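Single-letter residue listing:
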Amino acid sequence: MRTTIDIDGELLEKARERAAQEGRSVDEFLAAAVQVAVDKEPPKERPFPTFHGKLRPGLNLDKTWEHIEQVEGPFAGP
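Reading the values: the criteria
Residues numbered from 1 in each chain as written. Predicted model: local features only at pLDDT ≥ 70, side-chain atom pairs only at ≥ 80, totals over all residues. Heavy atoms only, no water. Helix = DSSP H or I, 4+ residues; strand = E, 2+ residues; numbered from the N terminus. Buried < 20%, exposed > 50% of the residue type's maximum accessible area, 1.4 Å probe, protein only. Areas by Shrake-Rupley, 256 points an atom, 1.4 Å probe, with all protein chains shown as cover. 1 Å grid on protein atoms, 1.4 Å probe; cavity = no way out; pocket = protein on both sides within 12 Å on 5 of 7 lines; lining within 4 Å. Points joined across faces, edges and corners; volume = space filled by probe spheres on them. Nonpolar A, V, L, I, M, F, W, Y, C, P; charged D, E, K, R; others polar. Expected span 1.5 Å × (residues − 1). Polar contact = N/O pair within 3.5 Å; in protein donor to acceptor, adjacent residues only side chain to side chain. Axes fitted to C-alpha atoms, helices over the stretch in contact; angles between N-to-C directions. Parallel < 35°, antiparallel > 145°, perpendicular 65-115°, else oblique. Contact = heavy atoms within 4.5 Å. Patch = residues over 30% accessible without salt bridge, like charges linked within 9 Å, V, L, I, M, F, W, Y side chains within 5 Å. Salt bridge = Lys/Arg side-chain N within 4 Å of Asp/Glu carboxyl O.

Q: For this particular structure, what's the right way to read the overall build of the chain?
A: On a plain count of helices and strands, the chain comes out with three helices and zero strands. Moving toward the C terminus, one meets the helices and strands of the chain in the order α-α-α. The burial tally for the chain puts 4% of its 78 residues in the buried class. Accessible surface computed for the chain: about 8100 Å², of which carbon and sulfur atoms make up 55%.

Spelled out as structure tokens, the structure:
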């Protein structure tokens, strides 16, 4: 099937050179390159990072504001 695409001139020249080195037409080379890209599995989405370990002794996540105030000082409000 025929189609028209816009491609960077430098990239097209590299494709022409590589196709010539491999003894193929540019059409064959580009079709093979697109096939490789289409067949490639998309990257799997990484799960949300989690921490595997223990809390520091004395750290209570129910008192988060107290811990923040220890580090940053009292909350002054808006």
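After that view, the rundown keeps rolling.
Q: Looking at this structure, how should I read the layout of surface pockets?
A: Picture a little ball the size of a water molecule; that probe, rolled over the atoms, points out where space is still empty. Considering only enclosed or pocket space, the largest pocket measures out at about 500 Å³ in volume. Of all the secondary structure elements, the ones that give two or more residues to the lining of the largest pocket are α1 (9-21) and α2 (26-39). With six residues, α2 is the single largest residue contributor to the lining of the largest pocket. Looking at the lining of the largest pocket, its residues break down into nine nonpolar, two polar and three charged.

Q: So what exactly am I meant to see when it comes to α1 here?
A: Three or four residues apart is the spacing at which side chains of an α-helix point the same way, because the helix has 3.6 residues per turn. The first and last C-alpha atoms of α1 sit 18 Å apart over 13 residues, in line with the 18 Å expected at 1.5 Å per residue. The distance from a side-chain oxygen at the start of α1 to the backbone nitrogen of E10 is 3.1 Å, and the residue carrying that oxygen is D8. Remark: G23 follows α1 within two positions and exhibits a positive phi of approximately 70 degrees.

Q: What is the right way to look at the packing of α1 against α2 in this model?
A: The angle between the axes and the distance between the axes are what describe a pair of packed helices. Where α1 meets α2, the closest approach of the two axes is 9 Å, and the angle between their N-to-C directions is 105 degrees. Taken together, the axes of α1 and α2 are roughly perpendicular relative to one another. For the pair α1 and α2, the contacting residues are L12, A15, R16, R18 and A19 in the first and V26, F29 and L30 in the second. For the contact of α1 with α2, a count of residues per class yields six nonpolar, no polar and two charged.

Q: Can you walk me through a nonpolar patch on the surface in this structure?
A: A cluster of nonpolar side chains, I5, I7 and L11, forms an exposed patch at the surface whose accessible area comes to about 270 Å². Relative accessible area serves as the criterion here: at 47%, L11 is assigned to the partly exposed category.

Q: Looking at this structure, I do not really get the pattern of salt bridges. What am I missing?
A: A side chain with one charge may pair with a side chain of the opposite charge, provided their charged atoms come close. Counting across every chain of the model gives three salt bridges. For the salt bridge of R16 with E13, the shortest nitrogen-to-oxygen distance reads 3.8 Å. Here E13 and R16 lie together in helix α1, a separation of three residues that amounts to about one turn. Of the residues examined, E13 reaches a relative accessible area of 37% and is grouped as partly exposed.

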